[in-house]
There are 2 protein chains.
Amino acid sequence: MSATPVRITAVDTYDIRFPTSRELDGSDAMNPDPDYSAAYVVLRTDAESDPEGHGFTFTIGRGNEVQVAAIHALRHHVVGRSVDEVCADPGSLFRDLIGDSQLRWLGPEKGVMHMAIGAVVNAVWDLAAKRAGKPLWRLLAEADPEWLVGQVDFRYLTDALTPDEALELLRKGRDGAADRTTNLLATGFPAYTTSPGWLGYSDEKLTRLAAQAVADGFRQIKLKVGADLDDDVRRCRVARSVVGPDIRMAIDANQRWDVSEAIRWTKALADFDVYWIEEPTSPDDILGHAAIRRAVAPVKVATGEHVQNRVIFKQLLQAGAVDVVQIDAARVAGVNENLAILLLAAKFGVPVCPHAGGVGLCELVQHLSMFDYVALSGTTEDRVIEYVDHLHDHFLDPVVIREGHYTAPTTPGFSAAMRPESIARYTFPDGAFWAADLAGHDENKKGQAA
Amino acid sequence: MSATPVRITAVDTYDIRFPTSRELDGSDAMNPDPDYSAAYVVLRTDAESDPEGHGFTFTIGRGNEVQVAAIHALRHHVVGRSVDEVCADPGSLFRDLIGDSQLRWLGPEKGVMHMAIGAVVNAVWDLAAKRAGKPLWRLLAEADPEWLVGQVDFRYLTDALTPDEALELLRKGRDGAADRTTNLLATGFPAYTTSPGWLGYSDEKLTRLAAQAVADGFRQIKLKVGADLDDDVRRCRVARSVVGPDIRMAIDANQRWDVSEAIRWTKALADFDVYWIEEPTSPDDILGHAAIRRAVAPVKVATGEHVQNRVIFKQLLQAGAVDVVQIDAARVAGVNENLAILLLAAKFGVPVCPHAGGVGLCELVQHLSMFDYVALSGTTEDRVIEYVDHLHDHFLDPVVIREGHYTAPTTPGFSAAMRPESIARYTFPDGAFWAADLAGHDENKKGQAA
């Protein structure tokens, strides 16, 4: 007699918001006042001793409740499924979520509905990795290449990458993987830091934090630009003079410019030996990025944190529009779609340098880069993961940075779980923080009533 | 003493769903069972005698509640605004909605959040046209060109279209506008019909409806394809034999194919003198559409109903990827963004043939094509608006088709208002229809619970 299979019994959602806008942390040319937030999901099972699966979408405040509603709309695909089956093949759930034709209409495969799928899919991978007793990077790096190929949706990709090509890349990625695992566990994965460069910071704060970044062992920093060119020239000069000639310095316009303005502005800052210009224009503008890249070389062009799905990444690579692919762990449809994007980048030989920061994005995306290093690209050359020193204390298994490197996680799972007390305190609008805050003054509404 | 200005007092939302999946109306290769739905919004004012503004997002069932939540998230930008001010310059509200940086993160400018903005923006235009005493097409066609240019967001467009170029196009569009208005009011705007060609229909029904379409005066029909090539060959043969050689016959794959499959399948059907292949692949795949277009000529390539925003349309035109631009009235950010897309199409000399059908899309989009004809492109040559004979009886000012032409609306507004009794009956899940239906059997949930 077989035991009753363990099933997923609940898809619990939480609207968690941190009041980051009050410190000007995270301010850039397009996002002056973000309240870093998470539409958070917990998959619960009917085995009390078993682990839960955690995942989330990162947002910056208002609208987080819309994201929660979108996750909620996926519940009927999840509740009741066998945990063994879904963990043995997360792609089975991924395909059902992507394939819901009525929900697909709301994208297709982009925006709120797609990010909701990402949150749920990532929660399944968290659950799968916990049950396997491995950190996610290791589960992926040790997985059978054919099984990994089966996790990828190749629809709309086959003109650039076929399943056979993906399989070959993954098989080749296995050569030397054991050595790279050893190396990763010993030294970690290179990081760069955005902490010095937020637009809201004074030159004094920029100077202090840039010097600190070098002292902490980072070999690359990043400055937000795009609000005022004179200010940017001054800030780049300050930063370069602080870090010296050997530290890479990237700039990030957060989609502020049209194509010609991006070219003009980037060229004006190139004198300070800019390594890459990030998000020079709309993340949707493949041809625009290609034109910018041709014009601003040798400054590299980077984008991806807002790239909606694998189809846009495919074209950015086909068009020669980017030097650096910046995956985001929670923008696309989770680990499965990021596998497709990592494979595309490997096929085209373009390095992946993930976007991170926000709430928990560092915790998630480190696993994807570490898998990429150990079992796909096989190198950390010109690869760095963004690091921002925000909100890590709310996580149960926070990232650990040593000498400018992400330390490889060893705890089973996807490092996605937030502390229960943080969830309780920052749930909007009823958690203890927001209840007290809203009782005092309501900053989240515009005072436009008559 | 000035009177107290009239203000918008409420943004009321409704989750309206029609059980269309039970008739196989609307079935295609990607959407086998759509329940045509509307996330519907009414802007109310504090002047009881004044008109309301109506707008909506079209969805196909599940997830309509997410779309409603997204419209709800925009309320703080709308409630309390002066009706005079917002009707004198709908762009002022449009810019505030697009410019909400926290909400922008949820796209940016795509998917659920962007469609919600479209619903609210369209409701404002409905209100503005009603107050002006004009159907929307006429309000636009008679508007000052400089004012119209001020309604457009040129961000990310200036490498393809500048405000000065747009102004010149609109000024030139005025030549002969009075004659074209007369002609439009006399004969209407050409339509084509998709009614014969849904995938779920038998050959008998296809034959009967195709013959009826010709008898009704349509000069173009469209068939859904992409599920089974042998079936498609047979259906195209049947349809061509019924309509004869002089009627244009388009086919529509609803994004079913990868690039190489799109080319192979389209070529296999080209023998039946196919006029255009619509949505051959992902709407995000600009380079894919360009490759398909090069390969399948002289069959034309059409897309747009799922194109998320002006940035993708810009690139489809820049890349020479489409022969036909298919705007949708409710997918992008409303009239303002569609003005940008019409201007781009005019700049590149590509005809606009709108997507319609669904719930109320015919009612809305006719106004945009009629404006395009009277005051921008100046021609109906190779221009047709899709027509589907579904659900029009739920609207107060339904489209009127005569001899294969949309009759020009004369009632003030955007023809967006649904009948109050339809709203009440089909509100999900509490309207009379759904309450009775759900009490009987619950078709909207998958039976996956343990």
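An unreviewed UniProt entry lists chain A under the name L-fuconate dehydratase, with Streptomyces cellulosae as the source organism. What UniProt states about chain A under its Catalytic activity (unreviewed entry) heading is, verbatim, "L-fuconate = 2-dehydro-3-deoxy-L-fuconate + H2O". Per its UniProt entry, chain A bears the Cofactor (unreviewed entry) comment "Mg(2+)".

Chemist: Break down the side chain of Ser92(B) for me, with residues and values.
Modeler: The residue Ser92(B) is located in helix 4 (residues 90–98) in this model. Of the polar contacts made by the side chain of Ser92(B), one reaches the backbone oxygen of Asp89(B); its length is 2.7 Å.

Chemist: Got a sec to walk through the domain arrangement of chain A? Specific residues and values, please.
Modeler: Residues and elements named next belong to chain A. Taken domain by domain, chain A consists of domain 1 (8–155 + 421–434) and domain 2 (173–418). On a C-alpha basis, the centres of domain 1 and domain 2 stand 22 Å from each other. In total, domain 1 and domain 2 occlude about 4,500 Å² of area from one another, counting both sides; carbon and sulfur atoms represent 65% of this. Applying the counting rule to domain 1 against domain 2 returns two salt bridges. Between glutamate 109 and arginine 310 there is a salt bridge, and its shortest N-O distance comes to 2.5 Å. Mapped by element, the contributors of at least two residues to the side of domain 1 that touches domain 2 are strand 2 (37–45), strand 3 (53–59), helix 4 (90–98), helix 6 (111–132), helix 7 (136–142), helix 8 (145–150) and helix 18 (420–426).

Chemist: Describe the sheet that holds strand 3 (residues 53–59) of chain B, listing the residues and the values that go with them.
Modeler: All names here are of chain B. Taken together, the three strands give an open sheet; going across it, the order is 1-2-3, and neighbouring strands pair in antiparallel fashion. Two strands bound the open sheet, and with one partner strand each, they are strand 1 (8–17) and strand 3. The average undirected angle you get between the axes of adjacent strands in this sheet is 15°. Pairing of strand 2 (residues 37–45) with strand 3, which is carried by seven bridges, proceeds in the antiparallel orientation. Each residue of the ladder has a partner; that of alanine 38, found in strand 3, is phenylalanine 58.

Chemist: Which residues make up the relation of the copies chain A and chain B, and what are the values?
Modeler: Superposing chain A onto chain B requires a rotation of 180° together with a translation of 0.0 Å along the rotation axis, leaving an RMSD of 0.0 Å. What we have between these two chains is a two-fold relation. When C-alpha distances to the rotation axis are compared across chain A, the minimum falls at Gly111(A), with a value of 2.4 Å. When the interface residues of chain A are mapped onto chain B, 100% of them again lie at the interface, so the same face is used by both copies.

Chemist: Any details on the pattern of salt bridges? Residues and values, ideally.
Modeler: For the structure shown, the criterion picks out 66 salt bridges over all chains. As a salt-bridge pair, Lys134(A) and Glu142(A) come within 2.8 Å of each other at their nearest N and O atoms. Since its relative accessible area comes to 27%, Lys134(A) is described here as partly exposed. With a shortest N-O distance of 2.9 Å, Glu146(B) and Arg171(B) are connected by a salt bridge. Here Arg171(B) lies in helix 9 (residues 163–173) and Glu146(B) lies in helix 8 (residues 145–150), a separation of 25 residues in the sequence. Assessed through its relative accessible area of 48%, Glu146(B) is described here as partly exposed. It is possible to trace a salt-bridge network through shared partners that takes in Arg104(A), Glu109(A), Asp153(A), Arg310(A) and Glu337(A).

Chemist: Kindly report on the packing of helix 12 (residues 229–243) of chain A against helix 13 (residues 259–269) of chain A, identifying the contributing residues and their values.
Modeler: Residues and elements named next belong to chain A. Two elements in contact, helix 12 and helix 13, have axes separated by 10 Å at closest approach and are oriented at 30°. Taken as axis vectors, helix 12 and helix 13 run roughly parallel relative to one another. In the crossing of helix 12 with helix 13, the sense of the turn from one axis to the other is right-handed. Between helix 12 and helix 13, the residues in contact are Leu229, Asp232, Val233 and Cys236 and Arg264, Trp265, Ala268 and Leu269, respectively. In the contact of helix 12 with helix 13, the residues fall into six nonpolar, no polar and two charged.

Chemist: Before we move on, can you summarise the interface of chain A and chain B with the specific residues and values?
Modeler: Facing the 69 residues of chain A at the interface are 70 residues of chain B. By the criterion of area lost to chain B, the three top residues of chain A are Arg62(A), Gln102(A) and Trp105(A), representing 16% of everything that side buries. Taken together, the links from chain A to chain B amount to six salt bridges. For Asp100(B), the salt bridge is made with Arg62(A), and the minimal N-O distance between the two is 3.0 Å. When residues of the side of chain A that touches chain B are traced back to their parent elements, those giving at least two are strand 3, helix 1 (64–72), helix 2 (75–78), helix 5 (101–104), helix 6, helix 14 (286–296) and helix 15 (310–318) of chain A. Tallied by class, residues from the side of chain A that touches chain B come to 29 nonpolar, 22 polar and 18 charged.

Chemist: Break down helix 19 (residues 432–440) of chain B for me, citing the residues and quoting the values.
Modeler: At 3.6 residues per turn, the α-helix brings residues three or four places apart onto the same side. All names here are of chain B. Of all the positions in helix 19, only Phe433, Trp434 and Asp437 are classed as buried. The arc that holds the buried residues of helix 19, viewed along the axis, is 85°, so those residues lie on one side. Residues Ala432, Ala436 and Ala439 are exposed on helix 19 and point more than 90 degrees away from its buried face.

Chemist: Talk me through the nonpolar core; I want residue IDs and the actual numbers.
Modeler: Formed by 304 residues in total, the largest nonpolar core has its most connected members in Val325(A), Phe371(A), Tyr406(A), Val325(B), Phe371(B) and Tyr406(B). For Phe371(B), the residues in contact, after removing those within four places along its chain, are Trp137(B), Leu140(B), Ala141(B), Leu148(B), Leu170(B), Leu339(B), Leu342(B) and Leu376(B).

Chemist: Quick one: what's the story with the environment of Ala356(B), residue by residue and with numbers?
Modeler: Residues and elements named next belong to chain B. The residue alanine 356 is located in the loop between helix 16 (334–348) and helix 17 (361–375) in this model. A relative accessible area of 4% places alanine 356 in the buried class. For the pair formed by alanine 356 and proline 429, sequence separation is 73 residues and the distance between their alpha carbons is 26 Å. Ignoring sequence-local partners within four residues, the contact set of alanine 356 consists of Leu361, Cys362, Val365, Glu386, Val388 and Tyr406.

About the cut-offs
- Residues numbered from 1 in each chain as written.
- Chains lettered and ligands numbered in written order.
- Predicted model: local features only at pLDDT ≥ 70, side-chain atom pairs only at ≥ 80, totals over all residues.
- Heavy atoms only, no water.
- UniProt positions renumbered as here; feature names shortened; annotations may be inferred.
- Helix = DSSP H or I, 4+ residues; strand = E, 2+ residues; numbered from the N terminus.
- Polar contact = N/O pair within 3.5 Å; in protein donor to acceptor, adjacent residues only side chain to side chain.
- Domains from an automatic or database assignment.
- Buried area = accessible area lost by both parts, 1.4 Å probe.
- Salt bridge = Lys/Arg side-chain N within 4 Å of Asp/Glu carboxyl O.
- Pairing = 2+ DSSP bridges.
- Axes fitted to C-alpha atoms, helices over the stretch in contact; angles between N-to-C directions.
- Least-squares fit on C-alpha atoms with pLDDT ≥ 70 in both.
- Contact = heavy atoms within 4.5 Å.
- Buried < 20%, exposed > 50% of the residue type's maximum accessible area, 1.4 Å probe, protein only.
- Parallel < 35°, antiparallel > 145°, perpendicular 65-115°, else oblique.
- Left-handed = near helix turned anticlockwise from the far one by under 90°.
- Nonpolar A, V, L, I, M, F, W, Y, C, P; charged D, E, K, R; others polar.
- Arc of directions from axis to C-beta.
- Core = buried A, V, L, I, M, F, W, Y, C linked by side-chain atoms within 4.5 Å.

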